[in-house]
Amino acid sequence: MLIKVKVFPNSKKQEILKKSDDSFVIKVKAKPKKGEANREVARTLAAYFNFPESEIRLIKGFKERNKIFEVKN
C-alpha cells in the first residue's frame with residue numbers, strides 16, 4: 001500500500017493527522033538533517049499502523065516535504 005505524507009519537520013509537537021485513507025500530515029520534532037526527519041516519520045507511521053518499522057519504506061521525496069511511503073502488509 002502506498003501512502004502520501006506531507007511532513008512538517010522541526011515542529012514543537014509530534015502528531016499525525018489522517019486526511020484520507022492514503023494521505024497523512026505528520027509533524028515531527030526531528031530536524032531535516034541527515035535523514036533524521038524521514039526516520040522519525042517512518043517510526044510514527046509504524047506506530048500508527050502497528051507494524052514493525054522494517055515494513056515501512058520511503059519511496060519518493062527524500063529531500064522534499066511531500067513524500068510517498070510504501071507499507072508492506
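Residues numbered from 1 in each chain as written. Predicted model: local features only at pLDDT ≥ 70, side-chain atom pairs only at ≥ 80, totals over all residues. Heavy atoms only, no water.

Novice: Explanation requested: the packing of aromatic side chains in the structure shown.
Specialist: One pair of aromatic rings is described through two measures. These are the centre distance and the angle between the planes. A complete count under the given rule lists 4 aromatic pairs for this structure. Where F24 meets Y48, the ring centres are 5.2 Å apart and the plane angle is 75 degrees; that geometry is what we call edge-to-face. Residue F24 is located in strand β3 (residues 23–27), and its partner Y48 is located in helix α1 (residues 36–49); the two are separated by 24 residues in the primary sequence. Classification of F24 by relative accessible area gives buried; the value is 1%. Between the aromatic rings of Y48 and F49, the centroid separation amounts to 5.2 Å while the plane-to-plane angle is 90 degrees, which identifies the pairing as edge-to-face. Here the aromatic cluster, defined as three or more aromatic residues joined through ring pairs, consists of F24, Y48, F49 and F51. (Phe/Tyr/Trp six-rings, centres within 6.5 Å; stacked < 30°, edge-to-face > 60°. Helix = DSSP H or I, 4+ residues; strand = E, 2+ residues; numbered from the N terminus. Buried < 20%, exposed > 50% of the residue type's maximum accessible area, 1.4 Å probe, protein only.)

Novice: Can you walk me through the confidence of the model for the chain in this structure?
Specialist: One rule of thumb: low pLDDT means the predicted coordinates there are not for detailed reading. Averaged over the chain, the pLDDT score is 94; the fraction of residues at 70 or greater is 100%. The weakest mean pLDDT in the chain belongs to α1 at 94; the strongest belongs to β3 at 97. (pLDDT = per-residue confidence, 0-100.)

Novice: I would appreciate a short explanation of the sheet that holds strand β4 (residues 56–60) in the present structure.
Specialist: Strand pairing in a sheet relies on backbone hydrogen bonds, with the paired strands running either antiparallel or parallel. Here we have 5 strands laid out as an open sheet, ordered β2-β3-β1-β5-β4, and mixed in their pairing. Every other strand in the sheet has two partners, leaving β2 (15–20) and β4 as the edge strands with one partner each. The mean angle between the axes of side-by-side strands here comes to 30 degrees, regardless of whether they run parallel or antiparallel. Pairing of strand β1 (residues 2–8) with strand β5 (residues 66–71), which is carried by 5 bridges, proceeds in the antiparallel orientation. By the bridge assignment, V5 is partnered in β5 with K67. (Pairing = 2+ DSSP bridges. Axes fitted to C-alpha atoms, helices over the stretch in contact; angles between N-to-C directions.)

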